[in-house]
Amino acid sequence: MKIFVDTAKIEEIKEAESWGILDGVTTNPSLIKKAVESAGEGVSLEEYIKDILRTVDGPVSLEVISTTMEGMITEAEVLYDKFNGINNNVVIKVPVNTSMEPGDDDFAGIKATKVLSEKGIPVNSTLIMTPNQALMAAKAGADYVSPFVGRIDDHIRNRIGLKGGVDYPKGTYYPEELAVRVWEKKLETAIHEQKIDDIVYRDHNIMRMFDWANDDGFFSGVDMLWSIKQIYDRYGFDTEIIAASIRTDRQVRQCAEMGVDIATIPFPVIENMMTHIKTSQGMKAFCDDVIPEYKAILWGKDFEKA
Ligand code: G3P
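Just so it is clear, the structure is predicted and the values come from calculations on it, not from any experiment.

(A) Fine view of the pattern of salt bridges. Going through the model one piece at a time under the given rule, you end up with 14 salt bridges. Linking K2 and E240 is a salt bridge whose minimum nitrogen-to-oxygen distance equals 2.9 Å. Residue K2 is found in strand β1 (residues 2-6), and its partner E240 is found in strand β7 (residues 240-243); the two are separated by 238 residues along the sequence. The residue E118 makes a salt bridge to K114 at a minimum N-O spacing of 3.0 Å. Separated by four residues within a single helix, E118 and K114 lie in helix α5 (residues 108-118), roughly one turn from each other. In the salt-bridge network here, residues are joined through shared partners; they are E46, E47, K50 and K82.

Now the structure itself:
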């Protein structure tokens, strides 16, 4: 599995690069905002982006900001023309659907994806929340799709009533198994209390439960990835899946187990992936057990001074 870092902070990108594990970078307007805020006043954003591009020999996603097809195409061309010459690694992030309110154009993102891919500009189709969006983006020519794993967990947690009024911070363990059991329990109770016709056709609460993820029928963001992977494998799409909105190292492991192409991971989660209490304890025990004769071999007779 390729590892991308989901950040625009140059120090995080350089650190991950120095570990030899970095295959690419994904940014978005929110991540650029955070990076520029932490870099302080007087930073040239253009030079900053060029530094990112030079640091990693792999795809770097830069996102458009318009919500119309024409606007997104123009911006994609500006970004590509300005930056791709630096290290030939610019990918343009285009939201799969830019609409925010009923009545907005639902199809500008997919149309822009088609046009850009025909122009040979690589597209990362982002804000993917369903396998059907991923299917459409692949058909429109996206080189990458970015399904948002953590945000789907948040969404299901809310819909199924697991939230209980609590605002869970990012990185909180998402109990997928519990979500399945809560769902089954609710269904079982409904079946005991009502006739099946009432459940399926009349009870709006139950209908909402069936519909809680727009017919996607999965219980976690990781489940959504699995579904997208099945579809891509079945039809031999070349589009690579970038598991995005990753919040925990458990999600990264699940991505790797199912063979997702890429996970784009916030730097603190990458750091977590390297740590274990028993590794630290083992390290301490090894250091405590080193005998002087061994030090002398490794460091020479004057090892005390080393
Ligand atoms: O890659 C998308 C990512 O930056 C969004 O993450 O945690 O805000 O859902 P999150």
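(B) Looking closely at the environment of G150. Position of G150 among the secondary structure elements: in helix α7 (residues 149-159). Leaving out residues up to four positions away in the same chain, G150 has contacts with A244, S245, R247 and Q251.

(C) Local environment of the site of the ligand. Lining the immediate surroundings of the ligand are D6, N28, L31, F148, R151, K170, A244, S245 and R247. Between S245 and the ligand, the recorded distance is 2.7 Å, taken from a side-chain N or O atom to an oxygen atom. For the ligand, whose accessible area on its own is 310 Å², the fraction buried by protein is 91%. Taken together, the residues of the shell around the ligand break down into three nonpolar, two polar and four charged.

(D) Up close: the pairing of strand β8 (residues 262-265). The alternating pattern of β8 places I262 and T264 on one face and A263 and I265 on the opposite face, and all of these are buried. Here β1 runs beside β8; their pairing, made up of four bridges, is parallel. Opposite V5, over in β8, you have I265 as the bridge partner. Sheet topology places β7 next to β8; two bridges connect them, and they run parallel. Counted as the bridge partner of A243 is A263 from β8.

(E) Spatial organisation of the packing of aromatic side chains. Applying the stated criterion to the full structure yields three aromatic pairs. Look at W19 and F267: their rings are 5.6 Å apart centre to centre, the planes differ by 45°, and that puts the pair in the tilted class. In this pair, W19 is assigned in the loop between α1 (10-18) and β2 (24-26) and F267 in helix α13 (residues 267-273), connecting sequence segments 248 residues apart. A relative accessible area of 33% places W19 in the partly exposed class. Residue F267 is classed as buried on the basis of its relative accessible area of 7%. Site record: aromatic cluster; members linked through ring pairs are Y232, Y235 and F237.

(F) Layout of the environment of G24. Within the fold, G24 resides in strand β2. A relative accessible area of 0% means that G24 is categorised as buried. Discounting chain neighbours no more than four positions away, the residues touching G24 are I3, F4, V5, V56, G58 and P59.

(G) How the structure looks around the sheet that holds β7. One closed barrel holds the eight strands; their spatial order is β1-β2-β3-β4-β5-β6-β7-β8, and the pairing between them is parallel. Taking each pair of neighbouring strands and ignoring which way they run, the sheet shows an average axis angle of 30°. Bridge count between strand β4 (residues 90-95) and strand β5 (residues 123-128): four bridges; the pairing is parallel. For K93, the partnering residue across the bridge sits in β5 and is N124.

(H) Inspection of a nonpolar patch on the surface at higher detail. A cluster of nonpolar side chains, V290, I291, Y294, I297, L298 and W299, forms an exposed patch at the surface whose accessible area comes to about 660 Å². Structurally, V290 can be placed in the loop between α14 (277-289) and α15 (292-299).

(I) Fine view of the packing of helix α4 (residues 69-87) against α5. Closest axis-to-axis distance for the α4/α5 pair is 8 Å, and the angle between their directions is 40°. The angle between α4 and α5 places the two elements in the oblique class. Here the hand of the crossing between α4 and α5 comes out right-handed. Across the interface between the two elements, M69, M72, I73 and A76 from α4 touch A108, G109, K111, A112, V115 and L116 from α5. Here the contact of α4 with α5 is composed, by residue class, of eight nonpolar, one polar and one charged.

Rules used in this analysis
- Residues numbered from 1 in each chain as written.
- Predicted model: local features only at pLDDT ≥ 70, side-chain atom pairs only at ≥ 80, totals over all residues.
- Heavy atoms only, no water.
- Salt bridge = Lys/Arg side-chain N within 4 Å of Asp/Glu carboxyl O.
- Helix = DSSP H or I, 4+ residues; strand = E, 2+ residues; numbered from the N terminus.
- Contact = heavy atoms within 4.5 Å.
- Near = heavy atom within 4 Å.
- Polar contact = N/O pair within 3.5 Å; in protein donor to acceptor, adjacent residues only side chain to side chain.
- Areas by Shrake-Rupley, 256 points an atom, 1.4 Å probe, with all protein chains shown as cover.
- Nonpolar A, V, L, I, M, F, W, Y, C, P; charged D, E, K, R; others polar.
- Buried < 20%, exposed > 50% of the residue type's maximum accessible area, 1.4 Å probe, protein only.
- Pairing = 2+ DSSP bridges.
- Phe/Tyr/Trp six-rings, centres within 6.5 Å; stacked < 30°, edge-to-face > 60°.
- Axes fitted to C-alpha atoms, helices over the stretch in contact; angles between N-to-C directions.
- Patch = residues over 30% accessible without salt bridge, like charges linked within 9 Å, V, L, I, M, F, W, Y side chains within 5 Å.
- Parallel < 35°, antiparallel > 145°, perpendicular 65-115°, else oblique.
- Left-handed = near helix turned anticlockwise from the far one by under 90°.

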